[in-house]
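These are the residues of each chain, in order.
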Amino acid sequence: MSENMRQTAAQIVQSYDGAPLRIMEVCGTHTHEIFRLGIRSLLPPQVDLISGPGCPVCVTPVGFIDEALWLAEHGVTIATFGDLVRVPGTERSLADARAAGARVQVVYSPLDALSYAKEHGDEQVTFLSVGFETTVPAACLVADQALSEGVENFSLLTANKTMPNAYAALRNSADVFLYPGHVHAITGTALCEDLAKQGVSGVLAGFTAKELVTALAVAVRKAQEDKPFFVNAYPRVVRPEGTPAAVALMDKVMEPVDAEWRGLGVIPGSGLQLRDAYSSIDARKKFEMPHIEGRPNPACRCGEVLQGHCKPSDCPLFGKVCTPQHPVGACMVSGEGACSAYFQYGGGQL
Amino acid sequence: MCVGLSAKVVRIQDGMAMVDASGARREVSVQLMDDVEPGDYVMVHAGIAIAKITDEDEHETDEVLEALLA
Amino acid sequence: MSKQVTLAMGAGGKQTAELIDTVFAKRFESPLLTADDAAVLQRPAGRIAMSTDGFIVSPSFFPGGNIGKLSVCGTVNDLACMGAKPLYLTCAFVIEEGFELDKLEQIADAMAATAAEAGVTLVAGDTKVAGKGQVDGVFITTTGVGEIVEGATPAGANARPGDAIIVTGDVGRHGCTILLARDDFGIEANVTSDCAPLWSSVEAMLDASKNIHVIRDATRGGVGTVLYEIASQSGVGIALDAAVVPVDPAVGGVCRMLGLEPLYLACEGRLVVIAPKDEAPALVEALRSAPHSKGAAIIGEVTDERPGWVVMNTEVGTQTLLPQPGGELLPRIC
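Residues numbered from 1 in each chain as written. Chains lettered and ligands numbered in written order. Predicted model: local features only at pLDDT ≥ 70, side-chain atom pairs only at ≥ 80, totals over all residues. Heavy atoms only, no water.

Asks: I would appreciate a short explanation of the overall build of chain B in the present structure.
Replies: For chain B, the helix and strand inventory stands at one helix and five strands. Across its three principal directions, the C-alpha atoms of chain B cover 45 × 25 × 25 Å. Within chain B, buried positions represent 56% of all 70 residues. Summed over its atoms, the accessible surface of chain B is roughly 2900 Å², and 43% of this surface lies on carbon and sulfur atoms. Both charge centroids of chain B, one from 5 positive and one from 15 negative side chains, sit 12 Å from each other. (Helix = DSSP H or I, 4+ residues; strand = E, 2+ residues; numbered from the N terminus. Buried < 20%, exposed > 50% of the residue type's maximum accessible area, 1.4 Å probe, protein only. Areas by Shrake-Rupley, 256 points an atom, 1.4 Å probe, with all protein chains shown as cover. Lys, Arg positive; Asp, Glu negative; His and termini not counted. Charge placed at Lys NZ, Arg CZ, Asp CG, Glu CD.)

Right, dumping it as structure tokens:
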């Protein structure tokens, strides 16, 4: 029964014969899974799947890595998700710094970064807080815990981002958005409903083969009805109200700030920073860090890739000087980066 | 954007739950979930539970498709 | 004698002799292992294969083995992959000052037991002690010599379109075991290393058929890396059926938690075997009769499409490329 349903969904996608349709998968994990499962080869030629900016590593500006390197050079232990380790800063990456003696601790969770700090009282430990609404609550949990427990050797370097204003910035880049399931598990569906009222269509998608193919089936079928729509195709995880406790915690610990997105520039109110009450664990304030401006490689077209304006293979660096082994741009580093996914999975050859 | 893992809650103590995914276990925070109990399934990201879920995606996804075809 | 290894034990004097006598000589006892400067050996009748490998692993002890067992398996398996019955093995230790003697004895025990199982004789050895912090515990280098079975010619360049691809058991166990043993990510799972000497598996296959094109042991980089190496060496494409690659459920769970691909986690007791399709069922049956390859399975085939690439048949009936092997395995969260 269920296997049949997946085939039905796949047939709906494959047999789409309507007008050209641009679908943007906002979430990098969607990009990754779509490549891993070979889902692109199900799509008819007039459906263009665009890889959007929902990879925190990819949209994190070069200057953030430079800031982390500044901390490492000043003797601070960097605790980070594995994703960031190989991202190039202006001159080098955290992996390079580690090879030169810096302490870089890869963690699975911000909770582990705080535990590490507690176990290593003689080190200053800074957690690199990247990620969207899905990841922010975990960072806020440890921020709150560190402050209330008075853990003095722990801090956060934030580059967190939020989606609402990014959707607005991207609204002309696609006809239908595949909304990131886990972001909306936290924030709920109200924003998606509002966007539909404003003329922006989208489908909330899960991450298994069947969930993704079903979401695409909904997208192509609904697109033919010629009116803006929103469908929650991931009801297993996303409730309309989201996770209120997580939203409340985020609001308690962090406040909106204008944020630079690699490639998209500064989007007003699209970032988060620690509120004043948490100054003592804000690495920028705690270590009186200077303002650091990163310089990306001028030939790198990650920015246009992230906006769906060009394919990774259109970039002059792609596959030549920029490869997963020697990444130039962030999109080539992260396993879910569009350039990495294109390179690893053969870039549209299949 | 956010790798998620569905896992079964084995036990809970002080806002932390031991979860199990096919025999791989780790402690995650369930502080943001209300009414999670051992035996429930949760979606885990970066060491915290972000949603309470059912144990499989089959029937819920099927319902989405059935609604589309109706 | 001190309970820890001291620098004096590596200085070449009386204490060195004592260390060798108490820890190594009695465990590795054989007429071929003498106090002279080199082993004197009978030349085998056939062609010989020879291989050397250095072993560093942190931690030195892990579920399913230790660095001693690993150092014997690694080299005898390299020989077995050339169709060679392992005969002789040498070993060189670099030991960190302060390393506990009873651990060294356990390592030597494991080497002796594994060598006995593999049918290989330890014929020469060397021991050095390095200052604290200059090595991590103990490093071991082993060199092996084996006699190639008449008629066996496996080599990485011999895969041909139409061949079947066999793996001798579930993939990624050793890499997963080490990852868990380091306890960097707070994950627990009941996973033991697949570390094992595989001559018995190769011997069983060669008894069934000499018509085997490639035998490779999947160590660092896992089965995925080996398949890319073979695709490149043989100038062929490889098509894998993702659904039938054997993966222990707990290894799969750990991989999903950390965003890792089991095909790229290290194995230390798994072979990738490529042979003509009509030989494959008999080879799988032979492998399943050997102690360390009971989980042998056919996982794909060699093709003439997309030379140099490994293609996966996915669960949705599409094809995708297996990502090419990367560098350091880093867990991903985003």
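Asks: It is not clear to me how the interface of chain A and chain C should be interpreted in this structure. Could you clarify?
Replies: Frequently, the measure chosen for interface size is the accessible area removed from exposure when the parts meet. Taken residue by residue, the interface counts 32 residues in chain A and 24 residues in chain C. At the boundary of chain A and chain C, one finds zero salt bridges. Where chain A touches chain C, the interface holds six residue pairs in polar contact (both at pLDDT 80 or more). Looking at the side of chain A that touches chain C, the elements with two or more residues in it are helix H2 (28-36), helix H11 (209-223) and helix H15 (338-344) of chain A. Sort the elements by how many residues they give to the side of chain A that touches chain C and H2(A) lands first, with five residues. (Contact = heavy atoms within 4.5 Å. Salt bridge = Lys/Arg side-chain N within 4 Å of Asp/Glu carboxyl O. Polar contact = N/O pair within 3.5 Å; in protein donor to acceptor, adjacent residues only side chain to side chain.)

Asks: It is not clear to me how the nonpolar core should be interpreted in this structure. Could you clarify?
Replies: Across soluble globular proteins, nonpolar side chains have a tendency to be buried as a group. Grouped together as the largest cluster of nonpolar side chains are 146 residues, with contacts concentrated most on Phe154(A), Tyr179(A), Trp261(A) and Leu258(C). Considering each element in turn, this core owes the most residues, eight residues, to helix H7 (residues 136-149) of chain A. Those residues in contact with Tyr179(A) that lie beyond four places of it in its chain are His30(A), Tyr167(A), His184(A), Cys192(A), Leu195(A), Val200(A), Ser201(A), Gly202(A), Val203(A), Leu204(A), Ala205(A) and Phe230(A). Formed by 35 residues, the second largest nonpolar core is a distinct cluster that contains Leu49(A), Leu178(A), Ala217(A) and Val220(A). (Core = buried A, V, L, I, M, F, W, Y, C linked by side-chain atoms within 4.5 Å.)

Asks: Can you walk me through the sheet that holds strand E6 (residues 154-161) of chain A in this structure?
Replies: By way of backbone hydrogen bonds, the strands of a sheet pair with one another, either parallel or antiparallel. Residue and element names in this part refer to chain A. If you walk across this open sheet you meet the six strands as E4-E3-E5-E6-E11-E10, and the pairing is mixed. On the outer flanks of this sheet lie strand E4 (104-106) and strand E10 (254-261), each paired with one strand and no other. Each strand of the sheet is rotated relative to its neighbour by a mean of 25 degrees, with strand direction disregarded. In this sheet, strand E11 (residues 265-274) lies alongside E10 in antiparallel orientation, the contact comprising seven bridges. Bridging across to E11, Glu255 finds its partner in Gln273. Across the sheet, helix H6 (residues 110-119) lies against strand E3 (77-80), E4, strand E5 (125-131) and E6, angled at about 175 degrees from E5, the strand it touches most. Packing of helix H12 (residues 244-253) onto the sheet brings it into contact with E10 and E11, and relative to E10 it is tilted by some 80 degrees. (Pairing = 2+ DSSP bridges. Axes fitted to C-alpha atoms, helices over the stretch in contact; angles between N-to-C directions.)

Asks: Could you clarify how one ought to interpret the interface of chain B and chain A in this entry?
Replies: Of the residues lining the interface, 33 residues belong to chain B; the matching set on chain A comes to 50 residues. Taken together, both faces of the contact between chain B and chain A bury some 3300 Å²; the carbon and sulfur share is 69%. Where chain B touches chain A, the interface holds two salt bridges. In this structure, Arg26(B) engages Asp112(A) in a salt bridge whose closest nitrogen and oxygen atoms are separated by 2.8 Å. Here chain B and chain A share eight residue pairs in polar contact (both at pLDDT 80 or more) between them. (Buried area = accessible area lost by both parts, 1.4 Å probe.)

Asks: Is there a simple way to explain the pairing of strand E2 (residues 47-54) of chain A in this structure?
Replies: It is a general feature of regular strands that their side chains alternate between the two faces of the sheet. Residue and element names in this part refer to chain A. Taken across its eight residues, E2 has seven buried, putting it largely inside the fold. Note: strand E1 (residues 21-27) against E2, six bridges, orientation parallel. Within E2, the residue paired with Leu21 across the bridge is Val47. With H2 bridging E1 and the parallel E2, this β-α-β connection has right-handed handedness. (Right-handed = clockwise from strand over helix to strand, strands pointing away.)

Asks: It is not clear to me how the pattern of salt bridges should be interpreted in this structure. Could you clarify?
Replies: Residues and elements named next belong to chain B. Per the stated rule, a full pass over the model turns up 29 salt bridges over all chains. The partner of Arg25 in a salt bridge is Asp20, and the shortest N-O contact between them spans 3.1 Å. Looking at Arg25, the relative accessible area reads 29%, which means it is partly exposed. Residue class for Asp20 comes out buried when judged on its relative accessible area of 18%.

Asks: Would you mind showing me how to read unusual backbone geometry here?
Replies: Phi is mostly negative for residues that are not glycine, and the peptide bonds are mostly trans. Of the consecutive residues Ser58(C) and Pro59(C), the connecting peptide bond is found in the cis state with omega at 0 degrees. Among the structural elements, Pro59(C) can be located in the loop between strand E1 (48-55) and strand E2 (61-62). The phi torsion at Asp14(B) lies on the positive side, around 50 degrees, for a residue other than glycine. Assignment of secondary structure puts Asp14(B) in the loop between strand E1 (5-13) and strand E2 (16-21).

Asks: What exactly am I supposed to notice about a negative patch on the surface here?
Replies: A grouping of Glu27(B), Asp183(C), Asp184(C) and Glu188(C) is seen on the molecular surface, where their side chains present a negatively charged patch. Checked against the element boundaries, Asp184(C) lands in the loop between helix H4 (173-182) and strand E8 (187-188). (Patch = residues over 30% accessible without salt bridge, like charges linked within 9 Å, V, L, I, M, F, W, Y side chains within 5 Å.)

Asks: Looking at this structure, I do not really get the environment of Ile186(A). What am I missing?
Replies: Structurally, Ile186(A) can be placed in helix H9 (residues 181-187). Excluding residues within four positions of it along the chain, Ile186(A) makes contact with Glu133(A), Thr134(A), Pro137(A), Gly242(A), Thr243(A), Ala246(A), Val247(A), Met250(A) and Ile50(B).

Asks: Looking at this structure, I do not really get the sheet that holds strand E12 (residues 297-303) of chain C. What am I missing?
Replies: Residues and elements named next belong to chain C. In spatial order, the strands read E9-E11-E7-E12-E10-E13-E14; together these seven strands make up an open sheet with mixed pairing. Looking at strand neighbours, the two that pair on one side only are strand E9 (214-217) and strand E14 (319-321), the edges of this open sheet. Taking the axes of each pair of neighbouring strands and ignoring which way they run, one obtains an average angle of 25 degrees across the sheet. Sheet topology note: the E9/strand E11 (residues 271-276) ladder contains four bridges and is antiparallel. Each residue of the ladder has a partner; that of Val214, found in E11, is Ile274. The strands touched by helix H8 (residues 280-289) within the sheet are strand E7 (163-167), E11 and E12, with E7 carrying the most contacts at an inclination of about 15 degrees.

Distances and angles like these do not, on their own, reveal function.
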